[in-house]
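Reading the structure
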Amino acid sequence: MRNRPDAMRQIRSIDDLVSSSPTKLFSLSPNDALVQISLPLVLILAIMTRLLVIGQTMTAQEESPAILEMWKQQLIFRIDQVMDDWAVEAELPAFPDASRILWEGSFPGDARFQKLCEKSQELNKQDALQLRLYEEALLPDPDAEGPLLVLYDPLASVTPDDVSILPPESLITPERRAYALAHIADRMLQWRKQVEELQWTAISETAARLPLNESSQPVEAASELRRISKELSQRGYPFLDRVTQEYEVAQ
């Protein structure tokens, strides 16, 4: 009799097993069974769709900066090309320092340095040169390799043939224009510093090469430097305004 509870538990376990038999499980209605089967599929489809949307969004976010930066890459590249051409024409790369200046006696005798001084006069009118270089950069180079983006600035004097068909990234907004002009101004500042340093050194070197003043009257250094800079200008070496104004030399 002590084993009766165990026997009863076994009977109950068998009843439970019977109640969960395949016959019992498949006693659902067709609609209920369809719902139970399709629900996991719907969830899987929803997850896949969500992942696809997230993937497309991430891809668009990764590509957008490249598209938005295309105008900057091409415009800065063109600006640098135009400015490199100006520097080469002015013979600026030939004078990384004043030691490259050729001399004839006490004064420079260098055609390239003379050309540099003459061409650099354009730096005295910075705004005009800055705008000219910028608008030259807007003109596409027909010999350029790779895809070419037409750039259009409504404020510029150069205009593409048909602006109505240009993509949005072709438009140079006021902000983009300011960015480009600032880039040009930075390089022009470096030019100015280089040329001024060359011209200051030329004046100082000329003063050192000239014979000492034998006059009994003392000569002020500033007066002597003004005379030298004026003489250099007359010999075909015009200096930048900031240099000539320092010595009060009339243009």
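Just so you know, these numbers come straight off a predicted model, no measurement behind them. (Residues numbered from 1 in each chain as written. Predicted model: local features only at pLDDT ≥ 70, side-chain atom pairs only at ≥ 80, totals over all residues. Heavy atoms only, no water.)

A word on the confidence of the model for the chain. Confidence in the prediction of the chain, expressed as mean pLDDT, is 77, and 64% of residues score 70 or more. Overall, residues 20-26 carries pLDDT values under 50, and its contacts beyond four positions in sequence, including any with other chains, amount to two contacts. Between residues 59-68, whose pLDDT stays under 50, and residues either more than four places distant or in other chains, the model counts two contacts. (pLDDT = per-residue confidence, 0-100. Contact = heavy atoms within 4.5 Å.)

Moving on: the side chain of R177. By the secondary structure assignment, R177 is in helix 6 (residues 174-209). For R177, the contacting residues outside a window of four places in its chain are L131, Y134, D153, L155, A156 and I172. (Helix = DSSP H or I, 4+ residues; strand = E, 2+ residues; numbered from the N terminus.)

The next point concerns the packing of helix 5 (residues 126-138) against helix 6. Relative to each other, helix 5 and helix 6 sit at 120°, their axes nearing to 10 Å. It follows that helix 5 is oblique to helix 6 by the angle criterion. As helix 5 packs across helix 6, the resulting crossing turns out to be right-handed. Contacts from Q126, L129, Q130, L131, L133 and Y134 in helix 5 reach R177, A180, L181, I184, A185, M188, W191 and R192 in helix 6. Classifying every residue of the contact of helix 5 with helix 6 gives 10 nonpolar, two polar and two charged. (Axes fitted to C-alpha atoms, helices over the stretch in contact; angles between N-to-C directions. Parallel < 35°, antiparallel > 145°, perpendicular 65-115°, else oblique. Left-handed = near helix turned anticlockwise from the far one by under 90°. Nonpolar A, V, L, I, M, F, W, Y, C, P; charged D, E, K, R; others polar.)

This part is about the packing of aromatic side chains. Taken as a whole, this structure holds four aromatic pairs when the rule is applied. With a centroid separation of 4.3 Å and 15° between ring planes, the pair formed by W86 and W191 is classed as stacked. Taken as a pair, W86 in helix 3 (residues 30-89) and W191 in helix 6 lie far apart in primary sequence, 105 residues in all. Residue classification places W191 among the buried positions, given a relative accessible area of 5%. A connected cluster of aromatic rings, assembled from ring pairs, spans F95, F113 and Y237. A cation over an aromatic ring shows up here: K72 above the ring of Y179, its NZ or CZ 4.7 Å from the ring centre. The ring of F95 carries R112 above its face, with NZ or CZ at 5.6 Å from the centroid. (Phe/Tyr/Trp six-rings, centres within 6.5 Å; stacked < 30°, edge-to-face > 60°. Buried < 20%, exposed > 50% of the residue type's maximum accessible area, 1.4 Å probe, protein only. Lys NZ or Arg CZ within 6 Å of the ring centre and 35° of its normal.)

Counting residues in each nonpolar core, the largest one holds 44 residues, and the members touching the most others are L75, I79, F113, L116, L133, Y134 and W191. Going through the elements one at a time, helix 3, helix 4 (111-119), helix 5, helix 6 and helix 7 (221-234) are the ones with two or more residues in this core. A per-element tally of this core places helix 6 first, with nine residues. (Core = buried A, V, L, I, M, F, W, Y, C linked by side-chain atoms within 4.5 Å.)

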